[in-house]
Structure formats: structure tokens, C-alpha cells
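Structure assessment
Below are the chains, spelled out letter by letter.
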Amino acid sequence: MNADVIVVGAGPTGLLLAAELGLAGVRAVVVERLARRSGQSKALGIQPRSAEALDLRGLLEPLMDRAIQRVDGGHFAGLRLDYTAWNTRHPYSIGIPQGRVEALLEERLGELDVQVLRGHEVTALSQDADGVEATLLGPGGESRLTARFLVGCDGGRSTVRRLLGIGFPGLDGKLLSVVADITISDPDGAVPETWTLPVMTPDKTGKGYIAPIGDGVHRFLFYGAEQQRLSRDAPITEEEVRRALQHEFGPGVRLTGVRWASRFTDASRQVERYRHGRILLAGDAAHIHSPSGGQGLNLGLQDAFNLGWKLAAETAGWAHDGLLDTYHSERHPVAARVLANTRAQAVLLVHDEENLALRGIMEELLRVPEANRIVAGMISGLDIRHDLPGRPHHLLGRHVPNLDLVTASGPERVARLLRDGRGLLLSTADEATFAKAAEPWSARIGRAHAQAELGADAVLVRPDGYVCWAGSVADVSGLADALARWAGAPARPSSPVTTPE
Ligand SMILES: Cc1cc2nc3c(=O)[nH]c(=O)nc-3n(C[C@H](O)[C@H](O)[C@H](O)COP(=O)(O)OP(=O)(O)OC[C@H]3O[C@@H](n4cnc5c(N)ncnc54)[C@H](O)[C@@H]3O)c2cc1C
């Protein structure tokens, strides 16, 4: 085998997945069709749950350094959401062009010595019980690459998905939109100069949004009557962009250049299964939907986070039977929910009389704190709770809160304890008992003891930050079950753990 895992596509999903694999010591290679990064940015926002995930690996700080702006809360079809009702350190959307996120992740791959094979396109695939073979077309012609697993992170028009011969069921798009990165001259100040994205505040009857995205460039998104008449493949002309710009912001605004433009629809589709033997799908290759709410890139990043450590466990040979299949069972419902909420947002974005009436009601409802909290949890990803086995506990299946801790060696934060990509057993009582219980897994599970308001004597946290056991010392046998399920068979047979009298 040339590698343990071939990752197809160096978009945000593929790059983060490869970083997770590299951190775990997996031999991964990324195959990317483009010879160099395009520098174009579809997405502009990182949601709180992705921020929490990136924080677990020390990637949040450098990302914030490259961000344009932090915007409090988020939005649902442009209606404001308050994220502070959720227990997070990051109740905001981070405004950062997708290209900068990709550049940061690719730098991380360099540090981890994971190769990105640029200018190579996957054109054919085969798999058997032992591995996968990919045919690549590159500058030197055709070549073959073999690995134990392959993950298609190759975007909405995924070749891997097509080569698997599987469907992509869902709904065709109804609304045609254009996204364009433009330069303008605006002597009368008709265009907002502060970044209100992703909380977009257009004239309610308008059909376009604009936001400055740095270097004198504005992101302009529009979906007026003209766009609905044109075909998806129609070239985007400067004239079309100018007409939309002046329709929205008046004749005083002049278009001085179009850096990049793309036409897209609000089609929403999702594959039925994320795993097909040794080939898996992640990010837009597995699900597409309209960009409303700014969720697509975030879904892809979190797919990568969920899958990375499970694939690493599988290739290292310690994964419990069925661990890899939990990637599908956990992440498929999360994306299905995003598809549903973007379809609902699409209705609120079409400004005919009936839809405006519905939008008005929704706006009123979102002023009710509990309603706002529910929708905020949905869009931010903060409400994700995996259905995990084990004794019920309010933390089970939820992301671990990033608490401040007092440890014997000084102040600490939970997120920092997960930087090495291993799971974590964090205890606040009965340190010796928990230490003994987890000792046979010490190569895969870090341990920490601290004073903190955890709501449990100890929690077992998976490498992706989700709590897979929470309880007291009386339930230490439940902890052993959880360790075996999520961290594999013990490296050494465990001695029986006895509960203190
Ligand atoms: C206008 C717009 C605005 C958006 N705004 C947001 C937002 O604010 N927030 C948000 O979260 N999301 C947003 N999104 C969605 C987001 O951009 C996507 O969800 C994200 O790009 C998906 O990342 P990915 O890595 O899965 O796929 P992609 O970014 O599509 O990357 C796939 C990669 O695979 C490569 N590739 C394809 N085929 C092959 C092949 N055969 N061999 C090798 N390589 C191949 C491609 O060249 C590409 O580099 C927006 C999307 C649009 C269109």
C-alpha cells in the first residue's frame, strides 16, 4: 500500500481530515485536482461548534488572527440569532474567507508532513476486502495509488460519489443566485462598510446582500428576477452584476471590477450512506444545500473531525467493531437537519406576499428567547447531541464544555487537554480509582484531574470532543465498557477495579 488513507480533495473537509489523520500518525495523502489553491472563497463564516472543534487542536487562535471580523450570533434567513443562550466560549460567527481557512489547514499539513498531491485528479476507483486502488491523472499521465481506505472530500460534484455509482437523492434547486467578489466605487456611501455578514441586513424587499471582505473587495450575493430567468450555466457578465448592484444600492454605486463570480442554486441533496466498504464520503461530496445560515463548510469540518480519529483507530487496528460505522450514524442525521433548515430558510428568502407574511411571524417568534435558542442551536451546531449508548447523563453525547480547570500544575482549559488528538478521562473526584480504571488505555486516552464544575465525578471525552461516558465512581464498570467501545481493547488486560466502600 502507498498509504493508509487517500483523501480526495483539498477543500476544507479534506484538509482537516488529513490533518486529523496526520496527527494520529496515519500515513495519509491528499489528492487534489487543482495545481494550486484558487484563492476563491465560497464560505465566509465559521460557526461556534466548528470554533470549539478547531480549538481542540490549537487551530482557533491562528484562525482568529486571520479573520476579518467577529459577528455576535448568527442568522436564520437573515433573521438575527443570539448564540449566548448556549454554553460556549464562542457565541459568535467568525467572519473569515474560506481561502484563508484552507491556507491555514494546508500549513498545518506541512507541519505534520502530510503530502498534498496537487494537479492530480482521481478518475477511477476499485476496492476489495483489503484496500482501495485509485487511478490518478496528473501532469505525468496516469498513475495508481493504493491505500486501505479512501475518503471522497471532492465537493458537491464528487467524482468519488459518481464512481461509486450511488445516487444523490434530494430536491432540485428552485432559486438561482450569483455570488461575486467585486470592487466598487461608492461616493455616496450607499453600501454598508462594516461587516454585517453573516447577519445580513438588507432592505427586506431586496434580493441581494453585500459585505466587505478585505483588500477592498466586497462579496455581493444576488438572486433577482433576472437570475431566475437565466440558466445555471449562463456566463456571468459584468453587466449582469452591475444591474443587480445598482438595483439594490442605487445608480450612484459603480462597479469597478469582478474578481470572481459563480452561479449556484439552493438544491439540497444527501447520499443515503456515508460508507461504502473502504470508501467513505465527507463534506459537500456527501451533502449539499443552500448557503443560507452559513453551515456547509462547518458541516464538512465537523464530518472530518468525527471521521478522522475513527479512521485512525481502524488503520491502527484497535477500533472496536462498528466504530467506523458510527461516522455515518452520527453525522448523517446532523446534515439531514441542516438540509431541512436550509429548505425552510429558502422559503423565507423568497419575498412574495405569502412568504413575507411567514417571515414576519418567524421574526416575531425569534424574539421569544426559547425559540431563538432552539434555532440558534440548530444553525450554530451547538445543539448537536449524538445518540450514544450508556447510562443517561445530561453530558452524554454532547460536546464537552470548555471549562476553566484548576489542576495540580496550575490553571488549564479542557480544550487544551485534547490537543494531542487522544481521548481524555477528566476526573474531579476519586482520582486514584479513575486512574486505575483507565490505565490499560493510557496510550490512547489522556488523563487529567482537576477542580471544576463538571456535573459528574468524571467524563470520558472522545478525540472529537464528544462526551461518551459521564458518571460517578459507583459506575466505574460503565466506564470500562465505554473505554472498550471508544478506545478499543485494552493494551494490557485490566485488573478488576473495585469501588471503594
Ligand atoms: C456562495 C456560497 C457561500 C457559502 N457560504 C458559506 C458560509 O458562510 N459558511 C459555510 O459554512 N459554508 C458556506 N458555503 C458552503 C461551503 O463553501 C462548502 O460547503 C465547502 O466548500 C465544502 O467543502 P468541501 O471541502 O467539502 O468541498 P470543496 O470546497 O468543494 O472542495 C472539494 C475539492 O476537491 C477537489 N476535487 C474535485 N474533484 C476531484 C477529483 N476527481 N480528484 C481530485 N480532486 C478533486 C476540488 O478541486 C476541490 O478543491 C457557501 C457556499 C457557497 C456556494
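- The protein chain is annotated in an unreviewed UniProt entry as 2-polyprenyl-6-methoxyphenol hydroxylase of Nonomuraea pusilla.
- Recorded in UniProt under Cofactor (unreviewed entry), the annotation for the protein chain is "FAD".

1. Re the overall build of the protein chain
- In terms of helices and strands, the protein chain carries 13 helices and 26 strands.
- For the protein chain, whose C-alpha radius of gyration is 24 Å, the value lies close to the compact-globule estimate of 23 Å for 501 residues.
- Structurally, the protein chain occupies a C-alpha span of about 80 × 60 × 40 Å along its principal axes.
- Burial status across the protein chain gives 55% buried among its 501 residues.
- Considering only contacts in the protein chain between residues 6 or more positions apart, those separated by 24 or more positions represent 70%.
- Split by element, the accessible area of the protein chain, about 21,300 Å² in all, is 50% carbon and sulfur.
- Here the protein chain holds 54 positive side-chain charges and 61 negative ones, and the gap between their average locations is 2 Å.

2. What to know about the sheet that holds strand E3 (residues 45–46)
- The strand order across the open sheet formed by three strands is E3-E7-E4, and the pairing between neighbours is antiparallel. Among the strands making up the open sheet, the edge pair consists of E3 and strand E4 (69–72).
- One ladder, built from four bridges, connects E4 with strand E7 (residues 92–95); its direction is antiparallel. Bridged to Arg 70 within E7 is Ile 94.

3. Concerning the packing of aromatic side chains
- All chains considered together, the criterion is met by six aromatic pairs.
- An angle of 50 degrees between the planes, with centres 6.3 Å apart, marks the rings of Tyr 209 and Tyr 223 as tilted. In this pair, Tyr 209 is assigned in strand E14 (residues 208–212) and Tyr 223 in the loop between strand E15 (218–222) and helix H6 (225–229), connecting sequence segments 14 residues apart. Tyr 223 shares its class with Tyr 209; the two are buried.

4. Looking at the sheet that holds strand E25 (residues 458–461)
- Strand order in the open sheet formed by four strands is E24-E23-E25-E26, and the pairing between neighbours is mixed. Both outer strands of the open sheet, strand E24 (445–449) and strand E26 (467–471), are each paired with one neighbouring strand and no more. Going from strand to strand, the sheet's axes swing by 10 degrees on average, the running direction of each strand aside.
- Each of strand E23 (423–427), E24, E25 and E26 is contacted by helix H13 (residues 476–487), which is oriented at about 170 degrees to E26, the strand it contacts most.

5. With respect to the confidence of the model for the protein chain
- Summing up the model confidence of the protein chain, the mean pLDDT is 93 and the portion of residues at 70 or higher is 95%.
- Here residues 496–501 is a poorly scored stretch, pLDDT under 50, and it has 10 contacts once near neighbours within four places are set aside; other chains count.

6. Examining the nonpolar core
- Counting 87 residues, the largest nonpolar core has Ile 6, Ile 46, Leu 63, Val 151, Leu 311, Leu 426 and Val 459 as its most contacted members.
- Among the elements that take part in this core, helix H8 (residues 296–316) stands out by supplying eight residues, more than any other.
- When residues of this core are sorted by domain, at least three fall in each of domain 1 (3–170 + 269–380) and domain 3 (404–487).
- Among residues more than four places away in sequence, those in contact with Val 459 are Leu 395, Leu 424, Leu 425, Leu 426, Leu 454, Val 467, Trp 469 and Ala 470.

7. Focus on the pairing of strand E13 (residues 176–185)
- With nine of 10 residues buried, E13 is to be regarded as a mostly interior element.
- Relative to strand E16 (residues 254–265), E13 runs antiparallel, the two being bridged by 10 bridges. Within E16, the position partnered with Ile 182 by the bridge is Val 258.

8. Points about the domain arrangement of the protein chain
- Splitting the protein chain by domain gives domain 1 (3–170 + 269–380), domain 2 (176–265) and domain 3 (404–487).
- Computed from C-alpha atoms alone, the centre-to-centre distance between domain 2 and domain 3 is 50 Å.

9. Looking at the pattern of salt bridges
- Summed over the entire model, instances satisfying the criterion amount to 29 salt bridges.
- Close ionic contact of Arg 144 with Glu 133 constitutes a salt bridge, the shortest N to O distance being 3.7 Å. You can see Arg 144 sitting in strand E11 (residues 141–152) and its partner Glu 133 sitting in strand E10 (residues 132–138), a full 11 residues away along the chain.
- Classification of Arg 144 as partly exposed rests on a relative accessible area of 47%.
- For Glu 133, a relative accessible area of 31% corresponds to the partly exposed category.
- Note that Asp 172 and Arg 269 form a salt bridge whose closest N and O atoms lie 2.3 Å from each other. On the criterion of sequence distance, the pair formed by Asp 172 in the loop between strand E12 (170–171) and E13 and Arg 269 in strand E17 (residues 268–270) is long-range, its members being 97 residues apart.
- Relative accessible area serves as the criterion here: at 59%, Asp 172 is assigned to the exposed category.
- For Arg 269, a relative accessible area of 18% corresponds to the buried category.
- Because the salt bridges share partners, they merge into one network encompassing Glu 226, Glu 238, Glu 239, Arg 242 and Arg 243.

10. Considerations on the site of the ligand
- Around the ligand sit 31 residues in total, of which Thr 13, Glu 32, Asp 284, Leu 297 and Asn 298 are the nearest.
- Thr 13 places a polar side-chain atom, nitrogen or oxygen, 2.8 Å from an oxygen atom of the ligand.
- For the ligand, an oxygen atom lies 3.4 Å from a polar atom in the side chain of Lys 42.
- When the free accessible area of the ligand is taken as 1,000 Å², the share hidden by the protein chains comes to 89%.

11. Some thoughts on helix H10 (residues 353–365)
- Between its terminal C-alpha atoms H10 stretches 19 Å, which fits the 18 Å expected from 13 residues at 1.5 Å a residue.
- Here H10 has its buried residues at Asn 355, Arg 359 and Met 362. In a view along the axis of H10, the buried residues occupy a sector of 60 degrees, so they form one face of it. With respect to the buried face of H10, the exposed residues turned more than 90 degrees away are Glu 353, Glu 354, Ile 361 and Glu 364.
- Buried residues along H10 sit against strand E5 (74–76), strand E6 (79–81), helix H9 (325–349) and helix H11 (369–380).

What counts, and where the lines are drawn
- Residues numbered from 1 in each chain as written.
- Predicted model: local features only at pLDDT ≥ 70, side-chain atom pairs only at ≥ 80, totals over all residues.
- Heavy atoms only, no water.
- UniProt positions renumbered as here; feature names shortened; annotations may be inferred.
- Helix = DSSP H or I, 4+ residues; strand = E, 2+ residues; numbered from the N terminus.
- Rg over C-alpha atoms; globule rule 2.2 N^0.38 Å.
- Buried < 20%, exposed > 50% of the residue type's maximum accessible area, 1.4 Å probe, protein only.
- Contact = heavy atoms within 4.5 Å.
- Areas by Shrake-Rupley, 256 points an atom, 1.4 Å probe, with all protein chains shown as cover.
- Lys, Arg positive; Asp, Glu negative; His and termini not counted.
- Charge placed at Lys NZ, Arg CZ, Asp CG, Glu CD.
- Pairing = 2+ DSSP bridges.
- Phe/Tyr/Trp six-rings, centres within 6.5 Å; stacked < 30°, edge-to-face > 60°.
- Axes fitted to C-alpha atoms, helices over the stretch in contact; angles between N-to-C directions.
- pLDDT = per-residue confidence, 0-100.
- Core = buried A, V, L, I, M, F, W, Y, C linked by side-chain atoms within 4.5 Å.
- Domains from an automatic or database assignment.
- Salt bridge = Lys/Arg side-chain N within 4 Å of Asp/Glu carboxyl O.
- Near = heavy atom within 4 Å.
- Polar contact = N/O pair within 3.5 Å; in protein donor to acceptor, adjacent residues only side chain to side chain.
- Expected span 1.5 Å × (residues − 1).
- Arc of directions from axis to C-beta.

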